[in-house]
Amino acid sequence: MAEFLWTFAVQEVLKKVVKLSAEQIGLAWGLEEELCKLTNWLLKAEAILCDINRKKLHHESVRLWVEDLQHVVHEADDLLDELVYEDLRRKVETGVMKKVRNSTSPSRNLIIFRHKMTKKIKDIIETLRKCYYEASPLGLVDEESVGGEHNDLIQIRETISKLDDFEVVGREIEVSSIVKQVIDASEQSFTSILPIVGMGGLGKSTLAKIVFNHEVIKGHFDETIWVCVSEPFFINKILEAMF
């Protein structure tokens, strides 16, 4: 019963992460990548708990493992609440500051908070990773799965070419510039690579998706291929995806 309740708790935290993503709160704070990683580790925890329920494992060692997971889920829940609260507080403060000049620099406060939240999320992810490895000796995770994590499970941030439902504004100049460079490069007799660089949360993947789905690009090229290159990358898998 306890394992079932904690499966529900993990699911509730996952819903919060999805809600943050839908409201673009993680993007606003530059925490999109960290929240994506947190989501994937929570999904692993949920899968293990569901398996415990299915196999009806109630050994003392399993109970202690679930209790350890319980603490980190609580931490993740509190962190998400703090992120939502701070986002709401900042919006209210921004409205007030339009009328009253404040001596405190909002940009500096934002950087400090983002740094603090990034560290907290990474600590939670590391604890979830530790729980995952500790689950193997208990028979909750196959050793092959843990050993193969480097090859498969670590590829956390898979992307697809489909654009998100929300409308993207304010990128027209960048999109036009990149589309022109891609078209111009294709008319030359050489292979070109055009990198889009920047800190996490700036919307690099979204910008790449807009270019990839641009009507000029679709009209100019006979075939276009979207391949996600995770870290670490494996050449054979990339080639397979292209084929």
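Above this text you will find the structure in question.
Residues numbered from 1 in each chain as written. Predicted model: local features only at pLDDT ≥ 70, side-chain atom pairs only at ≥ 80, totals over all residues. Heavy atoms only, no water.

Asks: Would you explain the overall build of the protein in this entry?
Replies: Along the protein, the regular secondary structure elements total 10 helices and zero strands. The helix and strand sequence of the protein, counted from the amino end, reads α-α-α-α-α-α-α-α-α-α. The buried share of the protein, reckoned over its 243 residues, is 32%. In the protein, of all internal contacts separated by at least 6 residues, the share reaching a separation of at least 24 is 77%. Per element, the accessible surface of the protein, about 15900 Å² overall, is 57% carbon and sulfur. (Helix = DSSP H or I, 4+ residues; strand = E, 2+ residues; numbered from the N terminus. Buried < 20%, exposed > 50% of the residue type's maximum accessible area, 1.4 Å probe, protein only. Contact = heavy atoms within 4.5 Å. Areas by Shrake-Rupley, 256 points an atom, 1.4 Å probe, with all protein chains shown as cover.)

Asks: Sorry if this is basic, but what is going on with helix α8 (residues 204-212) here?
Replies: The α-helix winds at 3.6 residues per turn, so residues separated by three or four positions along the chain end up facing the same way. Inspection of α8 places T206, L207, K209, I210, V211 and F212 among the buried residues, and these make up the whole buried set. Where the residues of α8 are buried, they touch α7 (172-186) and α9 (215-220).

Asks: Mind showing me how you'd approach the side chain of E86 here?
Replies: In this structure, E86 sits in helix α4 (residues 60-97). Look at E86 and you get buried, because its relative accessible area is 14%. Residues contacting E86, with those up to four places away along its chain left out, are W29 and F113.

Asks: Hey, could you run me through a nonpolar patch on the surface in this one?
Replies: Taken together, the side chains of I225, I235, L239, M242 and F243 present a nonpolar region at the surface, about 600 Å² in accessible area. Its location among the elements puts L239 in helix α10 (residues 235-242). (Patch = residues over 30% accessible without salt bridge, like charges linked within 9 Å, V, L, I, M, F, W, Y side chains within 5 Å. Salt bridge = Lys/Arg side-chain N within 4 Å of Asp/Glu carboxyl O.)

Asks: Before we go on, may I ask you to explain the packing of aromatic side chains in this structure?
Replies: Given two aromatic rings, their pairing is described by the distance between the two centres and the angle made by the two planes. Going through the model one piece at a time under the given rule, you end up with three aromatic pairs. Centroid distance W41 to Y132: 5.7 Å. Interplanar angle 75 degrees. Geometry classified as edge-to-face. Linking W41 in helix α3 (residues 32-55) with Y132 in helix α5 (residues 106-135), this pair joins segments that are 91 residues apart in sequence. Each member of the pair, W41 as well as Y132, carries the same accessibility label: buried. Plain terms: the ring middles of F212 and W226 are 5.4 Å apart, the flat faces sit at 80 degrees to each other, and that makes the pair edge-to-face. (Phe/Tyr/Trp six-rings, centres within 6.5 Å; stacked < 30°, edge-to-face > 60°.)

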